[in-house]
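# Residue-level structure breakdown
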Amino acid sequence: MIGEKVLLQKAFGGKTFVITGAAKGLGAAMARTLAPYWDGALLLDIDGDGVESVARELDSSGEKVVARQVDLTSGESIEEAVADLPPNFDPPDVLVNNAGITAMAMAGAQPIEENRRMMEVNYFAVVALINRFLPGMLERHSGRLVTIASGSGLLPNYGGSGYCASKAAVVGYSEALRQELIGTGVKSHYVLLPTVMTDFHKENVLGGEFGEMAKGLPTLTPDEAARRLLAQAALGI
């Protein structure tokens, strides 16, 4: 078996990245895992201070890692965040659509605004960023799309109708996209993760109405999830 470091170097060495949701949790863990190998990265998050802190941690010079604040529910904010990029980021070698939110509630009781917000962040932002960068990847005949979906997109769970619907949309879109990209030089991976024990999960799921039920689910730490999913994406060379 090829060592993890060799595998990541082969797949991602010298590449440029755009990573959403990079201020903490899984996104920050992926950035830290990839930093020894990449040539540079654009890190995006609604938490401007948080994503700036991660960027400074990984590149104190500010020459290789750029952090920008973005509201993924706003098409205008997305456009501003990815405007005026250096040539090697437009398009990047790898786009990682990681940002996601959840709000647990029984179907019929969840405010429609919560359902719309989950669809905006979990699904429509994925489409918007792929629409932004995929044409350039296709023109270059190379690139990689990594989209963080969820096992809940295939196996819906009690109390998660809105979240599961948003992730099911991601899974359907990503599988169709994977098929469309065969033979183009651009690869697309979507990741069906189990529960990742982020601060967001602890606060919004374990600390909520369905917390006791969620405590029995298998989990991964952000670092474990980052290493495993990036290794699997690398094997898709």
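Anything mentioned here points back to the structure above.
This section reports on the structure supplied with the text. (Residues numbered from 1 in each chain as written. Predicted model: local features only at pLDDT ≥ 70, side-chain atom pairs only at ≥ 80, totals over all residues. Heavy atoms only, no water.)

## Considering the packing of helix α2 (residues 25-34) against helix α3 (residues 48-58)
- Where α2 meets α3, the closest approach of the two axes is 11 Å, and the angle between their N-to-C directions is 15 degrees. Of the possible angle classes, the one that applies to α2 and α3 is roughly parallel. Considering how the two elements wind past one another, α2 and α3 form a crossing that is right-handed. For the pair α2 and α3, the contacting residues are Ala28, Ala31 and Arg32 in the first and Val54, Glu57 and Leu58 in the second.
- Each residue belonging to the contact of α2 with α3 can be placed in one class, and the counts come to four nonpolar, no polar and two charged. (Axes fitted to C-alpha atoms, helices over the stretch in contact; angles between N-to-C directions. Helix = DSSP H or I, 4+ residues; strand = E, 2+ residues; numbered from the N terminus. Parallel < 35°, antiparallel > 145°, perpendicular 65-115°, else oblique. Left-handed = near helix turned anticlockwise from the far one by under 90°. Contact = heavy atoms within 4.5 Å. Nonpolar A, V, L, I, M, F, W, Y, C, P; charged D, E, K, R; others polar.)

## Considerations on the sheet that holds strand β3 (residues 65-69)
- With respect to topology, six strands assemble into an open sheet ordered β3-β2-β1-β4-β5-β6, the strand pairing being parallel. Strand pairing shows two members of the sheet lacking a second neighbour, β3 and β6 (186-191), which therefore form its edges. Pairs of neighbouring strands in the sheet enclose a mean axial angle of 10 degrees, with direction left out of account.
- Inspection of the sheet shows strand β1 (residues 16-20) paired to strand β4 (residues 94-97) by three bridges, in the parallel sense. Counterpart to Phe17 in the pairing with β4 is Val94. (Pairing = 2+ DSSP bridges.)

## So, the pairing of β4
- Neither face of β4 is open: one carries Val94 and Val96, the other Leu95 and Asn97, and all of them are buried.
- Tracing the backbone out of β4, into helix α5 (residues 112-140) and back to the parallel element strand β5 (residues 143-148) gives a crossover that is right-handed. (Buried < 20%, exposed > 50% of the residue type's maximum accessible area, 1.4 Å probe, protein only. Right-handed = clockwise from strand over helix to strand, strands pointing away.)

## Structural notes on the pattern of salt bridges
- If you walk through the whole model with that rule in mind, you get five salt bridges.
- Residue Asp39 is joined to Lys64 by a salt bridge in which the shortest nitrogen-to-oxygen separation is 3.9 Å. Here Asp39, found in the loop between α2 and β2 (40-45), pairs with Lys64, found in the loop between α3 and β3; they are 25 residues apart in sequence, far enough to count as distant.
- When its relative accessible area of 33% is taken as the criterion, Asp39 is described as partly exposed.
- For Glu175, the salt bridge is made with Arg178, and the minimal N-O distance between the two is 2.8 Å. Highlighted residues: Glu175 and Arg178, both in helix α6 (residues 161-180), separated by three residues, approximately one helical turn. (Salt bridge = Lys/Arg side-chain N within 4 Å of Asp/Glu carboxyl O.)

## Concerning the environment of Ser161
- Following the sequence through the fold, Ser161 ends up in helix α6.
- Put simply, Ser161 and Gly108 are 53 residues apart on the chain and 9.3 Å apart in space, counted from C-alpha to C-alpha.
- Among residues more than four places away in sequence, those in contact with Ser161 are Ala105, Ala107 and Gln110.

## Points about the packing of aromatic side chains
- In this structure the tally under the stated criterion is four aromatic pairs.
- Between Phe17 and Trp38, the aromatic rings sit 5.9 Å apart at their centres with planes inclined by 50 degrees, giving tilted as the arrangement. Residue Phe17 is found in strand β1, and its partner Trp38 is found in the loop between α2 and β2; the two are separated by 21 residues along the sequence. Trp38 carries the same exposure label as Phe17, and that label is buried.
- When the ring of Tyr123 is compared with that of Tyr173, the centres are 6.0 Å apart and the planes differ by 85 degrees; the resulting orientation is edge-to-face. Here the residue Tyr123 occupies a position in helix α5, and Tyr173 occupies one in helix α6, the gap between them amounting to 50 residues.
- Accessibility expressed as a relative area gives 18% for Tyr123, which makes it buried.
- Taken together, the ring pairs connect Phe12, Phe17 and Trp38 into an aromatic cluster. (Phe/Tyr/Trp six-rings, centres within 6.5 Å; stacked < 30°, edge-to-face > 60°.)

## Some remarks on α6
- With 20 residues, α6 ought to run about 28 Å at 1.5 Å a step, and its terminal C-alpha atoms sit 29 Å apart, in line with that.
- The elements touched by buried residues of α6 are α5, β5 and β6. (Expected span 1.5 Å × (residues − 1).)

## Considerations on a nonpolar patch on the surface
- Together, Leu154, Leu155 and Leu192 give the surface a local cluster of nonpolar side chains, amounting to about 310 Å² of exposed area.
- As for its placement among the helices and strands, Leu154 is situated in the loop between β5 and α6. (Patch = residues over 30% accessible without salt bridge, like charges linked within 9 Å, V, L, I, M, F, W, Y side chains within 5 Å. Areas by Shrake-Rupley, 256 points an atom, 1.4 Å probe, with all protein chains shown as cover.)

## Side note on the nonpolar core
- Formed by 39 residues in total, the largest nonpolar core has its most connected members in Phe12, Phe17, Ile19, Trp38, Leu43 and Leu229.
- A total of seven residues in this core trace back to one element, the largest contributor, which is helix α9 (residues 222-235).
- Dropping the residues within four chain positions of it, Phe17 is found in contact with Phe12, Leu34, Trp38, Gly40, Ala41, Leu42, Phe89, Pro92, Val94 and Val96.
- In terms of nonpolar packing, the next biggest core, distinct from the first, is built from 28 residues, Val82, Leu95, Ala99 and Met118 among them. (Core = buried A, V, L, I, M, F, W, Y, C linked by side-chain atoms within 4.5 Å.)

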